[in-house]
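# Summary of structural features
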Amino acid sequence: MAHSGERDVFCICKRPDDGSWMIACEKCDEWFHGKCIGLTEAEGDLAVEFCCDSCSAKYNIQSEWRLKCQLPSCYAAADVEKDSKFCSADHGIAFFRELAQGLVGVPEQDLRVLVESSGSQEKFKALGIQTPEFDAKIEPPPDQVAKWEAKIQKIQEALKFLESCRETKKELSQQATEAEGTKREICAFNSKLSDPDSEEVCMLEQRKCIQHKQWPVIFQERLFIQQQTAAKRLRQLQNSQRGLSQVVL
Ligand SMILES: [Zn+2]
Ligand SMILES: [Zn+2]
Ligand SMILES: [Zn+2]
Ligand SMILES: [Zn+2]
């Protein structure tokens, strides 16, 4: 604390305010340069209560963050008042468009339905009944069934991998808890979940990791939608094939 008048140094670096973005600790009121603590202004905007490292250790508390918009490139807060995981309907649509890529050409209005009903896991489950309808009149090429079966297989493998990531999270958290003698929860996000060509495990404390917030739930839901959509498409293809062969017989 300054002895008198205005303070001229701040932060862990003990340097003046250089005009760059800073954030204050709710607990000790100290100001920190974002660049010194590895936080961007966009990330800082998600703080409900920022708590510095030394206060975190001293009082065993953590910063509290708003839920980030689930569109990976967006750092705006999700509109939780609307029970949404996105900052806006547009970003929800962008998210589901990305999700649906390679799966189906989901019409815009169906994406809107997905966005508006994507508040909770329960709603996602209900959504299974409402996944987009496909034009059943289109005759499937013969290899379509095999293609969708392979897709479902892939989704199931991804679900298994997600499960193993959850296990790793448990193990790493337990190890850290034992090593430090105080309750620790490690983020443990495996980058392979979003990029098949990499495999890096995030070792940040869960509540300090903004980027991977709620990943176990988010990836579960993502795969769940993909599974529902693919299973529905496969059923339709099988039905229409059956109908077709009956006509031929
Ligand atoms: Zn600094
Ligand atoms: Zn502090
Ligand atoms: Zn957004
Ligand atoms: Zn992380």
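Keep in mind that this is a model prediction, so the values were computed, not measured.

Our focus in this paragraph is the overall build of the protein. Looking only at helices and strands, the protein has eight helices and four strands in total. Ordered by position from N to C terminus, the α and β elements of the protein give β-β-α-α-β-α-β-α-α-α-α-α. Every one of the 249 residues in the protein was classed for burial, and the buried ones make up 39%. Of the roughly 15200 Å² that the protein leaves accessible, carbon and sulfur atoms contribute 51%.

Here the focus is the coordination of the zinc ion (ligand 4). Metal coordination angles have textbook ideals: 109.5 degrees for a tetrahedral set of four donors and 90 or 180 degrees for an octahedral set of six. Here the zinc ion (ligand 4) is held by Cys-187 (SG), Cys-202 (SG), Cys-209 (SG) and His-212 (ND1), and the distances to it run 2.1 to 2.3 Å. One can describe the site at the zinc ion (ligand 4) as tetrahedral: its four donor atoms subtend angles covering 95 to 119° at the metal. When the donor residues of the zinc ion (ligand 4) are listed from N- to C-terminus, their spacing reads C-x14-C-x6-C-x2-H. Taken individually, Cys-202 and Cys-209 each receive the classification buried, so the pair is uniform in this respect.

A grouping of Glu-26, Asp-29, Glu-49 and Glu-64 is seen on the molecular surface, where their side chains present a negatively charged patch. Residue Glu-49 is classed as partly exposed on the basis of its relative accessible area, which comes to 39%.

With the rule as written, the count across this model stands at three aromatic pairs. Ring plane angle 75° and centroid distance 5.8 Å describe the contact between Phe-189 and Trp-215, whose orientation is recorded as edge-to-face. Of this pair, Phe-189 sits in the loop between α7 (144-180) and α8 (215-248) while Trp-215 sits in helix α8, and the two are 26 residues apart along the sequence. The class for Phe-189 is buried, based on a relative accessible area of 7%. Residue classification places Trp-215 among the buried positions, given a relative accessible area of 3%. Between Phe-189 and Phe-219 the ring centres are 5.6 Å apart and the planes differ by 45°, which places this aromatic pair in the tilted class. Here the residue Phe-189 occupies a position in the loop between α7 and α8, and Phe-219 occupies one in helix α8, the gap between them amounting to 30 residues.

Note on placement: Ala-146 falls in helix α7. Considering only alpha carbons, one finds Ala-146 and Leu-234, 88 residues apart in sequence, at a separation of 9.0 Å.

Of the protein atoms, only Cys-69 (SG), Cys-74 (SG), Cys-87 (SG) and His-91 (ND1) coordinate the zinc ion (ligand 3), at distances of 2.0 to 2.3 Å. Around the zinc ion (ligand 3), the four donor atoms sit at angles spanning 93 to 122°, and that spread fits a shape best called tetrahedral. Each donor residue of the zinc ion (ligand 3) belongs to the same chain, and together they define the spacing C-x4-C-x12-C-x3-H. A relative accessible area of 9% means that Cys-74 is categorised as buried.

All chains considered together, the criterion is met by eight salt bridges. The salt bridge involving Lys-208 is made with Asp-53; its shortest N-O contact spans 3.0 Å. Taken together, the residues span a long stretch of sequence, with Lys-208 in the loop between α7 and α8 and Asp-53 in helix α3 (residues 53-59) at a distance of 155 residues. Of the residues examined, Lys-208 reaches a relative accessible area of 35% and is grouped as partly exposed. In this structure Asp-53 comes out as exposed when scored by relative accessible area, which is 55%. Where Lys-170 meets Glu-167, a salt bridge forms, and the shortest distance between an N and an O atom there is 3.5 Å. Of the two residues, Lys-170 and Glu-167 are both situated in helix α7; the distance of three residues between them amounts to about one turn of the helix. The class of Lys-170 is exposed, set by a relative accessible area of 56%. For Glu-167, a relative accessible area of 33% translates into the label partly exposed.

With 76% of its residues at a pLDDT of 70 or more, the protein shows a mean pLDDT of 78. Predicted confidence for residues 119-138 stays below pLDDT 50, and this span has 39 contacts to residues more than four positions away or in other chains. Within the model, pLDDT remains below 50 along residues 245-249, and this stretch shows zero contacts once partners closer than five positions in the same chain are excluded.

Thresholds applied
- Residues numbered from 1 in each chain as written.
- Chains lettered and ligands numbered in written order.
- Predicted model: local features only at pLDDT ≥ 70, side-chain atom pairs only at ≥ 80, totals over all residues.
- Heavy atoms only, no water.
- Helix = DSSP H or I, 4+ residues; strand = E, 2+ residues; numbered from the N terminus.
- Buried < 20%, exposed > 50% of the residue type's maximum accessible area, 1.4 Å probe, protein only.
- Areas by Shrake-Rupley, 256 points an atom, 1.4 Å probe, with all protein chains shown as cover.
- Donors = N, O, S within 2.8 Å, 3.2 Å for Na, K, Ca; no water.
- Tetrahedral: all angles 85-135°; square planar, octahedral: opposite > 155°, others 65-115°.
- Patch = residues over 30% accessible without salt bridge, like charges linked within 9 Å, V, L, I, M, F, W, Y side chains within 5 Å.
- Salt bridge = Lys/Arg side-chain N within 4 Å of Asp/Glu carboxyl O.
- Lys, Arg positive; Asp, Glu negative; His and termini not counted.
- Charge placed at Lys NZ, Arg CZ, Asp CG, Glu CD.
- Phe/Tyr/Trp six-rings, centres within 6.5 Å; stacked < 30°, edge-to-face > 60°.
- pLDDT = per-residue confidence, 0-100.
- Contact = heavy atoms within 4.5 Å.

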